[in-house]
Amino acid sequence: MDRAPGSPGSPGSAEEEARRLDAADPLPSLRGEFHVPPAPGGAHAEAAYFAGNSLGLQPRSVARYLEEELADWSRLAVEGHTRARRPWVDYHEQAREPAARLVGALPHEVVAMNSLTVNLHLMMATFYRPAGERTRIVIEDTAFPSDSYAVHSQAVHHGLDPEAAVVRLRPRAGEEHLRTEDVVAYLERDGARVALLLLGGVNYLTGQLMDMAAITKAGRAAGAVVGWDLAHAAGNVPLRLHDWDVDFAAWCTYKYLNSGPGAVAGCFVHERHVRDAGLPRLSGWWGTDPATRFRMEPRIAPPATADAWQLSNPPILALAPVLASLEIFDRVGMAALRAKSERLTAYLAGRLAAVPGLAVVTPDDPAARGCQLSIRVADAGGLTERLADSAGVMADAREPDIVRLAPVPLYSTYHDCHRAAAALEGLLG
Ligand SMILES: *Cc1c(COP(=O)(O)O)cnc(C)c1O
(Lines give C-alpha, C1' and ligand atoms only; values in the text may rest on other atoms or scores of the structure.)
Protein backbone atom coordinates (compact mmCIF):
# COMPACT_ATOMS: atom_id res chain seq x y z
CA MET A 1 0.00 0.00 0.00
CA ASP A 2 1.35 3.49 -0.85
CA ARG A 3 1.47 5.83 2.07
CA ALA A 4 1.48 9.59 1.70
CA PRO A 5 3.38 11.53 4.37
CA GLY A 6 1.17 12.09 7.39
CA SER A 7 -1.10 9.19 6.51
CA PRO A 8 -1.73 6.50 9.13
CA GLY A 9 1.19 4.36 8.05
CA SER A 10 3.81 7.08 8.01
CA PRO A 11 6.90 7.10 10.25
CA GLY A 12 6.03 8.19 13.77
CA SER A 13 2.39 7.23 13.37
CA ALA A 14 0.66 4.84 15.76
CA GLU A 15 0.52 2.25 13.01
CA GLU A 16 4.24 2.51 12.37
CA GLU A 17 4.88 2.19 16.11
CA ALA A 18 2.76 -0.99 16.24
CA ARG A 19 4.72 -2.48 13.37
CA ARG A 20 7.96 -1.59 15.10
CA LEU A 21 6.79 -3.33 18.29
CA ASP A 22 5.90 -6.43 16.29
CA ALA A 23 9.34 -6.52 14.70
CA ALA A 24 11.14 -5.92 18.01
CA ASP A 25 9.21 -8.22 20.34
CA PRO A 26 11.46 -10.81 22.02
CA LEU A 27 8.92 -13.53 21.19
CA PRO A 28 8.31 -13.37 17.43
CA SER A 29 4.71 -14.04 16.46
CA LEU A 30 3.76 -17.60 15.57
CA ARG A 31 0.94 -16.26 13.44
CA GLY A 32 2.31 -18.13 10.42
CA GLU A 33 1.50 -21.41 12.16
CA PHE A 34 -2.22 -20.55 12.26
CA HIS A 35 -5.00 -20.06 9.76
CA VAL A 36 -6.01 -16.43 10.18
CA PRO A 37 -9.45 -15.88 8.65
CA PRO A 38 -9.95 -13.28 5.92
CA ALA A 39 -11.16 -9.96 7.22
CA PRO A 40 -14.91 -9.52 7.16
CA GLY A 41 -15.81 -6.40 5.22
CA GLY A 42 -12.84 -6.72 2.85
CA ALA A 43 -10.94 -3.62 4.06
CA HIS A 44 -7.93 -5.79 4.96
CA ALA A 45 -6.66 -9.15 3.79
CA GLU A 46 -6.64 -10.78 7.22
CA ALA A 47 -8.91 -10.33 10.16
CA ALA A 48 -7.55 -8.74 13.30
CA TYR A 49 -8.76 -11.66 15.37
CA PHE A 50 -9.68 -10.93 18.99
CA ALA A 51 -12.09 -13.81 19.64
CA GLY A 52 -9.51 -16.42 20.63
CA ASN A 53 -11.09 -16.39 24.08
CA SER A 54 -14.18 -17.85 22.42
CA LEU A 55 -12.73 -20.01 19.65
CA GLY A 56 -8.99 -20.11 19.07
CA LEU A 57 -7.57 -20.13 15.54
CA GLN A 58 -6.74 -23.39 13.82
CA PRO A 59 -3.08 -24.41 13.95
CA ARG A 60 -1.92 -25.38 10.46
CA SER A 61 -0.52 -28.60 11.93
CA VAL A 62 -4.03 -29.83 12.84
CA ALA A 63 -4.75 -31.02 9.32
CA ARG A 64 -1.71 -33.32 9.37
CA TYR A 65 -2.67 -34.81 12.74
CA LEU A 66 -6.20 -35.46 11.50
CA GLU A 67 -5.10 -36.81 8.13
CA GLU A 68 -2.82 -39.30 9.85
CA GLU A 69 -5.72 -40.64 11.90
CA LEU A 70 -8.00 -40.82 8.86
CA ALA A 71 -5.29 -42.66 6.94
CA ASP A 72 -4.66 -45.07 9.80
CA TRP A 73 -8.36 -45.72 10.16
CA SER A 74 -8.74 -46.47 6.45
CA ARG A 75 -5.55 -48.57 6.33
CA LEU A 76 -5.86 -50.45 9.62
CA ALA A 77 -9.50 -50.32 10.72
CA VAL A 78 -9.80 -52.05 14.08
CA GLU A 79 -6.08 -52.78 14.15
CA GLY A 80 -5.51 -49.05 14.57
CA HIS A 81 -6.27 -49.39 18.26
CA THR A 82 -2.84 -50.92 18.69
CA ARG A 83 -1.03 -50.32 15.38
CA ALA A 84 -1.82 -46.74 14.43
CA ARG A 85 1.13 -44.33 14.48
CA ARG A 86 -0.38 -43.07 17.69
CA PRO A 87 -2.26 -46.12 18.93
CA TRP A 88 -5.87 -45.26 19.76
CA VAL A 89 -6.16 -47.52 22.78
CA ASP A 90 -4.12 -45.12 24.89
CA TYR A 91 -4.23 -42.09 22.62
CA HIS A 92 -5.13 -39.77 25.50
CA GLU A 93 -1.77 -40.68 27.10
CA GLN A 94 -0.09 -38.49 24.51
CA ALA A 95 -1.78 -35.40 25.88
CA ARG A 96 -0.79 -36.14 29.44
CA GLU A 97 2.72 -34.70 29.76
CA PRO A 98 2.18 -31.49 27.79
CA ALA A 99 -1.18 -30.90 29.50
CA ALA A 100 0.46 -31.41 32.90
CA ARG A 101 3.16 -28.85 32.03
CA LEU A 102 0.50 -26.43 30.82
CA VAL A 103 -1.48 -26.41 34.08
CA GLY A 104 1.33 -27.06 36.57
CA ALA A 105 0.34 -30.60 37.45
CA LEU A 106 1.99 -33.97 37.88
CA PRO A 107 1.38 -36.15 34.83
CA HIS A 108 -0.89 -38.57 36.66
CA GLU A 109 -3.06 -35.68 37.88
CA VAL A 110 -4.38 -34.77 34.41
CA VAL A 111 -6.46 -36.40 31.73
CA ALA A 112 -7.92 -35.21 28.42
CA MET A 113 -11.52 -36.35 28.18
CA ASN A 114 -15.11 -35.34 27.45
CA SER A 115 -16.13 -31.71 27.36
CA LEU A 116 -15.86 -29.11 30.08
CA THR A 117 -19.35 -29.24 31.58
CA VAL A 118 -19.31 -33.04 31.54
CA ASN A 119 -16.03 -32.96 33.45
CA LEU A 120 -17.44 -30.51 35.97
CA HIS A 121 -20.27 -32.96 36.61
CA LEU A 122 -17.92 -35.92 36.90
CA MET A 123 -15.82 -33.96 39.38
CA MET A 124 -18.88 -32.93 41.36
CA ALA A 125 -20.12 -36.52 41.42
CA THR A 126 -16.98 -37.27 43.39
CA PHE A 127 -16.27 -34.06 45.24
CA TYR A 128 -19.61 -32.45 45.95
CA ARG A 129 -20.76 -34.50 48.93
CA PRO A 130 -23.14 -32.30 50.89
CA ALA A 131 -23.56 -33.47 54.48
CA GLY A 132 -25.06 -31.93 57.59
CA GLU A 133 -24.53 -28.17 57.61
CA ARG A 134 -21.98 -28.34 54.82
CA THR A 135 -24.16 -28.22 51.75
CA ARG A 136 -23.31 -25.04 49.86
CA ILE A 137 -21.77 -24.68 46.43
CA VAL A 138 -20.18 -21.26 46.05
CA ILE A 139 -19.75 -19.74 42.59
CA GLU A 140 -19.35 -16.18 41.35
CA ASP A 141 -22.43 -14.21 40.38
CA THR A 142 -20.95 -13.72 36.90
CA ALA A 143 -20.33 -17.45 36.49
CA PHE A 144 -20.71 -18.77 32.96
CA PRO A 145 -24.29 -20.02 32.50
CA SER A 146 -23.27 -23.65 31.99
CA ASP A 147 -21.58 -23.59 35.39
CA SER A 148 -24.66 -22.07 36.99
CA TYR A 149 -26.86 -24.75 35.46
CA ALA A 150 -24.43 -27.51 36.44
CA VAL A 151 -24.22 -26.57 40.12
CA HIS A 152 -27.97 -25.93 40.29
CA SER A 153 -28.66 -29.40 38.94
CA GLN A 154 -26.13 -30.95 41.32
CA ALA A 155 -27.98 -29.44 44.27
CA VAL A 156 -31.27 -30.78 42.91
CA HIS A 157 -29.65 -34.15 42.32
CA HIS A 158 -28.83 -34.30 46.03
CA GLY A 159 -32.40 -33.40 47.00
CA LEU A 160 -31.44 -29.87 48.09
CA ASP A 161 -33.13 -26.57 47.35
CA PRO A 162 -30.77 -24.99 44.82
CA GLU A 163 -31.81 -21.48 45.81
CA ALA A 164 -30.43 -22.17 49.27
CA ALA A 165 -27.55 -24.45 48.35
CA VAL A 166 -26.00 -22.30 45.60
CA VAL A 167 -24.33 -19.10 46.81
CA ARG A 168 -23.35 -16.50 44.20
CA LEU A 169 -20.56 -14.18 45.33
CA ARG A 170 -20.99 -10.59 44.16
CA PRO A 171 -18.52 -7.72 43.97
CA ARG A 172 -19.06 -4.83 46.40
CA ALA A 173 -21.64 -2.28 45.33
CA GLY A 174 -20.21 -0.10 42.57
CA GLU A 175 -17.30 -2.46 41.86
CA GLU A 176 -16.71 -4.77 38.92
CA HIS A 177 -14.54 -7.47 40.48
CA LEU A 178 -14.59 -9.87 43.36
CA ARG A 179 -11.92 -8.93 45.86
CA THR A 180 -9.79 -11.80 47.10
CA GLU A 181 -10.13 -10.48 50.65
CA ASP A 182 -13.93 -10.63 50.38
CA VAL A 183 -13.90 -14.23 49.15
CA VAL A 184 -11.53 -15.13 51.99
CA ALA A 185 -13.70 -13.26 54.53
CA TYR A 186 -16.78 -15.13 53.30
CA LEU A 187 -14.96 -18.44 53.74
CA GLU A 188 -13.78 -17.47 57.22
CA ARG A 189 -17.29 -16.51 58.20
CA ASP A 190 -19.45 -19.15 56.50
CA GLY A 191 -16.89 -21.75 55.44
CA ALA A 192 -18.34 -24.46 57.68
CA ARG A 193 -21.40 -24.47 55.41
CA VAL A 194 -19.44 -24.66 52.17
CA ALA A 195 -19.10 -28.09 50.60
CA LEU A 196 -17.64 -26.85 47.31
CA LEU A 197 -16.07 -23.63 46.07
CA LEU A 198 -16.15 -23.58 42.25
CA LEU A 199 -14.95 -20.37 40.65
CA GLY A 200 -13.59 -19.41 37.24
CA GLY A 201 -9.82 -18.91 37.21
CA VAL A 202 -10.32 -16.07 34.74
CA ASN A 203 -13.83 -14.69 34.61
CA TYR A 204 -15.32 -15.09 31.14
CA LEU A 205 -17.11 -11.75 31.26
CA THR A 206 -14.83 -9.30 33.07
CA GLY A 207 -11.51 -10.98 32.31
CA GLN A 208 -10.55 -10.87 35.99
CA LEU A 209 -7.81 -13.35 36.94
CA MET A 210 -8.51 -14.66 40.42
CA ASP A 211 -5.83 -15.19 43.03
CA MET A 212 -6.21 -18.95 42.79
CA ALA A 213 -3.44 -19.69 45.29
CA ALA A 214 -4.91 -17.52 48.06
CA ILE A 215 -8.52 -18.52 47.46
CA THR A 216 -7.70 -22.22 47.27
CA LYS A 217 -5.81 -21.95 50.54
CA ALA A 218 -8.71 -20.20 52.26
CA GLY A 219 -11.26 -22.64 50.89
CA ARG A 220 -9.32 -25.68 51.98
CA ALA A 221 -8.64 -24.12 55.39
CA ALA A 222 -12.41 -23.75 55.75
CA GLY A 223 -12.80 -27.46 55.06
CA ALA A 224 -14.35 -27.01 51.63
CA VAL A 225 -13.40 -28.74 48.39
CA VAL A 226 -11.93 -26.23 45.92
CA GLY A 227 -12.44 -26.71 42.20
CA TRP A 228 -11.58 -24.29 39.41
CA ASP A 229 -13.17 -23.81 36.01
CA LEU A 230 -10.19 -22.92 33.85
CA ALA A 231 -12.01 -22.39 30.54
CA HIS A 232 -10.53 -18.88 30.26
CA ALA A 233 -7.34 -19.57 32.16
CA ALA A 234 -5.80 -22.65 30.50
CA GLY A 235 -3.41 -21.49 27.80
CA ASN A 236 -3.94 -17.87 28.88
CA VAL A 237 -2.13 -17.62 32.21
CA PRO A 238 0.44 -19.79 33.99
CA LEU A 239 -1.10 -22.26 36.42
CA ARG A 240 0.34 -24.26 39.31
CA LEU A 241 -2.56 -26.48 40.23
CA HIS A 242 -0.51 -29.04 42.11
CA ASP A 243 1.41 -26.53 44.22
CA TRP A 244 -1.71 -24.51 44.91
CA ASP A 245 -3.25 -27.68 46.32
CA VAL A 246 -6.34 -27.36 44.13
CA ASP A 247 -8.70 -30.32 44.59
CA PHE A 248 -9.88 -30.49 41.00
CA ALA A 249 -10.08 -28.38 37.87
CA ALA A 250 -11.54 -28.64 34.39
CA TRP A 251 -11.05 -26.66 31.21
CA CYS A 252 -12.10 -26.67 27.59
CA THR A 253 -9.51 -26.67 24.80
CA TYR A 254 -11.26 -24.72 22.05
CA LYS A 255 -10.65 -21.25 23.51
CA TYR A 256 -7.02 -20.31 24.20
CA LEU A 257 -5.96 -23.88 23.47
CA ASN A 258 -6.93 -23.65 19.78
CA SER A 259 -8.12 -27.26 19.48
CA GLY A 260 -11.27 -26.63 17.49
CA PRO A 261 -15.00 -26.37 18.16
CA GLY A 262 -16.14 -28.83 20.80
CA ALA A 263 -12.65 -30.35 21.16
CA VAL A 264 -11.86 -32.70 24.03
CA ALA A 265 -11.51 -30.99 27.39
CA GLY A 266 -9.00 -31.37 30.22
CA CYS A 267 -9.36 -32.36 33.82
CA PHE A 268 -7.13 -32.22 36.90
CA VAL A 269 -7.48 -34.20 40.12
CA HIS A 270 -4.94 -33.58 42.86
CA GLU A 271 -2.56 -36.39 43.67
CA ARG A 272 -3.92 -36.81 47.20
CA HIS A 273 -7.28 -37.79 45.63
CA VAL A 274 -6.04 -40.00 42.82
CA ARG A 275 -4.42 -42.16 45.48
CA ASP A 276 -7.73 -42.50 47.36
CA ALA A 277 -9.36 -45.68 46.05
CA GLY A 278 -12.42 -45.12 48.25
CA LEU A 279 -13.72 -42.03 46.43
CA PRO A 280 -17.17 -42.36 44.86
CA ARG A 281 -17.08 -41.88 41.10
CA LEU A 282 -19.25 -42.32 38.08
CA SER A 283 -17.32 -44.96 36.21
CA GLY A 284 -16.83 -46.43 32.76
CA TRP A 285 -14.48 -48.91 31.20
CA TRP A 286 -11.74 -46.40 30.36
CA GLY A 287 -11.52 -45.74 34.11
CA THR A 288 -10.18 -49.16 34.90
CA ASP A 289 -6.52 -50.23 34.91
CA PRO A 290 -5.51 -50.59 31.23
CA ALA A 291 -3.46 -53.68 32.10
CA THR A 292 -6.63 -55.59 32.94
CA ARG A 293 -9.24 -53.68 30.91
CA PHE A 294 -9.65 -56.32 28.25
CA ARG A 295 -10.21 -59.12 30.69
CA MET A 296 -13.72 -57.66 30.61
CA GLU A 297 -14.30 -58.24 34.30
CA PRO A 298 -17.44 -56.91 35.92
CA ARG A 299 -15.59 -55.15 38.75
CA ILE A 300 -13.56 -52.00 38.08
CA ALA A 301 -9.94 -51.67 39.20
CA PRO A 302 -9.22 -47.94 38.87
CA PRO A 303 -5.61 -46.78 38.47
CA ALA A 304 -4.18 -44.21 40.90
CA THR A 305 -4.34 -41.49 38.25
CA ALA A 306 -6.86 -38.99 36.95
CA ASP A 307 -7.65 -41.58 34.27
CA ALA A 308 -9.84 -43.29 36.87
CA TRP A 309 -12.48 -40.66 36.01
CA GLN A 310 -12.53 -41.53 32.30
CA LEU A 311 -15.67 -43.16 31.01
CA SER A 312 -15.33 -43.97 27.35
CA ASN A 313 -12.67 -44.75 24.81
CA PRO A 314 -11.31 -41.43 23.57
CA PRO A 315 -12.72 -39.70 20.44
CA ILE A 316 -9.57 -39.77 18.37
CA LEU A 317 -10.71 -37.22 15.78
CA ALA A 318 -11.55 -34.72 18.52
CA LEU A 319 -8.32 -35.39 20.40
CA ALA A 320 -5.93 -35.12 17.45
CA PRO A 321 -6.20 -31.31 17.33
CA VAL A 322 -5.55 -31.18 21.07
CA LEU A 323 -2.23 -32.95 20.53
CA ALA A 324 -1.36 -30.59 17.68
CA SER A 325 -2.10 -27.58 19.85
CA LEU A 326 -0.32 -28.84 22.95
CA GLU A 327 2.79 -29.38 20.85
CA ILE A 328 2.84 -25.62 20.17
CA PHE A 329 2.31 -24.65 23.82
CA ASP A 330 5.00 -27.07 24.87
CA ARG A 331 7.45 -25.71 22.34
CA VAL A 332 6.89 -22.05 23.24
CA GLY A 333 6.20 -22.45 26.95
CA MET A 334 3.65 -20.60 29.08
CA ALA A 335 6.29 -18.37 30.68
CA ALA A 336 7.32 -16.84 27.35
CA LEU A 337 3.70 -16.63 26.20
CA ARG A 338 2.60 -14.93 29.39
CA ALA A 339 5.41 -12.39 29.13
CA LYS A 340 4.35 -11.52 25.58
CA SER A 341 0.72 -11.56 26.59
CA GLU A 342 1.41 -8.93 29.25
CA ARG A 343 3.21 -6.74 26.73
CA LEU A 344 0.49 -7.02 24.07
CA THR A 345 -2.36 -6.56 26.52
CA ALA A 346 -0.67 -3.55 28.12
CA TYR A 347 -0.26 -2.02 24.67
CA LEU A 348 -3.93 -2.57 23.82
CA ALA A 349 -5.05 -1.32 27.24
CA GLY A 350 -2.99 1.84 26.74
CA ARG A 351 -4.52 2.47 23.33
CA LEU A 352 -8.05 1.81 24.60
CA ALA A 353 -7.52 4.20 27.51
CA ALA A 354 -7.08 6.97 24.94
CA VAL A 355 -10.46 6.32 23.29
CA PRO A 356 -13.02 8.78 24.65
CA GLY A 357 -16.18 7.25 26.09
CA LEU A 358 -14.80 3.74 26.35
CA ALA A 359 -14.68 1.98 29.73
CA VAL A 360 -12.50 -1.07 30.25
CA VAL A 361 -13.99 -3.24 33.00
CA THR A 362 -11.06 -5.69 33.19
CA PRO A 363 -8.60 -5.01 36.05
CA ASP A 364 -5.74 -2.58 35.28
CA ASP A 365 -3.30 -4.68 37.25
CA PRO A 366 -1.58 -7.11 34.84
CA ALA A 367 -1.40 -9.67 37.68
CA ALA A 368 -5.21 -9.60 37.90
CA ARG A 369 -6.00 -10.28 34.26
CA GLY A 370 -5.04 -12.55 31.39
CA CYS A 371 -5.06 -11.23 27.84
CA GLN A 372 -8.78 -10.47 27.58
CA LEU A 373 -9.93 -6.87 27.89
CA SER A 374 -13.67 -6.35 28.28
CA ILE A 375 -15.12 -3.00 27.40
CA ARG A 376 -18.52 -1.70 28.39
CA VAL A 377 -20.45 0.05 25.65
CA ALA A 378 -24.09 0.85 25.04
CA ASP A 379 -24.75 -1.43 22.09
CA ALA A 380 -22.26 -4.29 22.33
CA GLY A 381 -23.76 -6.34 19.49
CA GLY A 382 -23.99 -3.41 17.10
CA LEU A 383 -20.48 -2.20 17.85
CA THR A 384 -19.05 -5.69 17.32
CA GLU A 385 -20.70 -5.86 13.91
CA ARG A 386 -19.41 -2.44 12.94
CA LEU A 387 -15.88 -3.38 14.05
CA ALA A 388 -16.01 -6.37 11.74
CA ASP A 389 -17.63 -4.63 8.79
CA SER A 390 -15.60 -1.43 8.86
CA ALA A 391 -12.18 -2.70 9.96
CA GLY A 392 -12.11 -6.49 9.79
CA VAL A 393 -11.74 -6.60 13.58
CA MET A 394 -13.32 -9.74 15.01
CA ALA A 395 -14.30 -9.34 18.65
CA ASP A 396 -17.19 -10.82 20.52
CA ALA A 397 -20.17 -9.34 22.28
CA ARG A 398 -21.82 -10.44 25.47
CA GLU A 399 -25.20 -8.79 25.59
CA PRO A 400 -26.20 -6.28 26.61
CA ASP A 401 -23.10 -4.15 27.07
CA ILE A 402 -19.77 -6.02 27.00
CA VAL A 403 -17.38 -6.39 24.07
CA ARG A 404 -14.46 -8.72 24.68
CA LEU A 405 -11.10 -8.29 22.95
CA ALA A 406 -8.43 -10.92 23.50
CA PRO A 407 -5.01 -10.28 21.96
CA VAL A 408 -3.71 -13.84 21.98
CA PRO A 409 0.09 -13.90 22.16
CA LEU A 410 0.51 -16.85 19.80
CA TYR A 411 -1.06 -15.15 16.80
CA SER A 412 -2.27 -11.62 17.60
CA THR A 413 0.01 -8.71 16.82
CA TYR A 414 0.53 -5.17 18.01
CA HIS A 415 -0.70 -4.20 14.59
CA ASP A 416 -3.96 -6.06 15.24
CA CYS A 417 -4.26 -4.09 18.49
CA HIS A 418 -3.63 -0.90 16.59
CA ARG A 419 -6.38 -1.80 14.13
CA ALA A 420 -8.83 -2.46 16.94
CA ALA A 421 -8.01 0.74 18.79
CA ALA A 422 -8.10 2.86 15.62
CA ALA A 423 -11.44 1.35 14.62
CA LEU A 424 -12.92 1.98 18.07
CA GLU A 425 -11.67 5.58 17.94
CA GLY A 426 -13.36 5.97 14.60
CA LEU A 427 -16.63 4.41 15.70
CA LEU A 428 -16.93 5.93 19.17
CA GLY A 429 -14.92 9.15 18.83
C1 LIG B 1 -16.72 -21.72 27.54
C2 LIG B 1 -17.14 -22.08 28.93
C3 LIG B 1 -17.93 -23.21 29.17
C4 LIG B 1 -18.44 -24.05 28.03
O5 LIG B 1 -18.76 -25.33 28.43
P6 LIG B 1 -18.73 -26.58 27.39
O7 LIG B 1 -19.09 -27.71 28.26
O8 LIG B 1 -17.34 -26.62 26.84
O9 LIG B 1 -19.72 -26.29 26.32
C10 LIG B 1 -18.24 -23.51 30.48
N11 LIG B 1 -17.80 -22.74 31.51
C12 LIG B 1 -17.05 -21.64 31.29
C13 LIG B 1 -16.57 -20.81 32.45
C14 LIG B 1 -16.71 -21.27 30.00
O15 LIG B 1 -15.99 -20.17 29.79
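Quick look at the structure, then. This is a predicted model, so every value here is computed, not measured.

Considerations on the layout of surface pockets
Any empty space left between atoms is shown by rolling a water-sized probe over those atoms.
Alright, step 1. Taken as a whole, the second largest pocket holds about 310 Å³ of empty space.
Alright, step 2. Taken together, 15 residues form the lining of the second largest pocket, with Leu209, Met210, Asp211, Ala367 and Ala368 sitting closest to its centre.
Alright, step 3. Split by residue class, the lining of the second largest pocket holds 10 nonpolar, 2 polar and 3 charged.
Alright, step 4. Two domains each put at least three residues into the lining of the second largest pocket: domain 1 (11-53 + 333-428) and domain 2 (66-330).

Some details on the site of the ligand
Alright, step 1. Taken together, Leu116, Thr117, Phe144, Asp147, Asp229, Ala231, His232, Tyr254 and Lys255 form the complete shell of residues around the ligand.
Alright, step 2. At 3.0 Å from an oxygen atom of the ligand is found a side-chain nitrogen or oxygen belonging to His232.
Alright, step 3. For the shell around the ligand, the residue count by class is 4 nonpolar, 2 polar and 3 charged.

Description of the state of the cysteines
Alright, step 1. All told, the structure shown has 0 disulfides when counted by the stated rule.
Alright, step 2. Left unpaired, Cys252 is separated from the closest cysteine sulfur, that of Cys267, by 13 Å.
Alright, step 3. Classification of Cys267 as buried rests on a relative accessible area of 0%.

Quick look at helix α8 (residues 180-190)
Alright, step 1. Listing the buried residues of α8 in full gives Val183, Val184, Tyr186 and Leu187. An end-on view of α8 places all buried positions within 155 degrees of arc, on one side of the element. The outward face of α8, more than 90 degrees from its buried face, is lined by the exposed residues Glu188 and Arg189.
Alright, step 2. Residues of α8 that are buried sit in contact with β5 (136-140), β6 (166-169), β7 (194-200) and α9 (212-221).

Criteria and cut-off values
Residues numbered from 1 in each chain as written. Predicted model: local features only at pLDDT ≥ 70, side-chain atom pairs only at ≥ 80, totals over all residues. Heavy atoms only, no water. 1 Å grid on protein atoms, 1.4 Å probe; cavity = no way out; pocket = protein on both sides within 12 Å on 5 of 7 lines; lining within 4 Å. Points joined across faces, edges and corners; volume = space filled by probe spheres on them. Nonpolar A, V, L, I, M, F, W, Y, C, P; charged D, E, K, R; others polar. Domains from an automatic or database assignment. Near = heavy atom within 4 Å. Polar contact = N/O pair within 3.5 Å; in protein donor to acceptor, adjacent residues only side chain to side chain. Disulfide = S-S within 2.5 Å. Buried < 20%, exposed > 50% of the residue type's maximum accessible area, 1.4 Å probe, protein only. Helix = DSSP H or I, 4+ residues; strand = E, 2+ residues; numbered from the N terminus. Arc of directions from axis to C-beta. Contact = heavy atoms within 4.5 Å.

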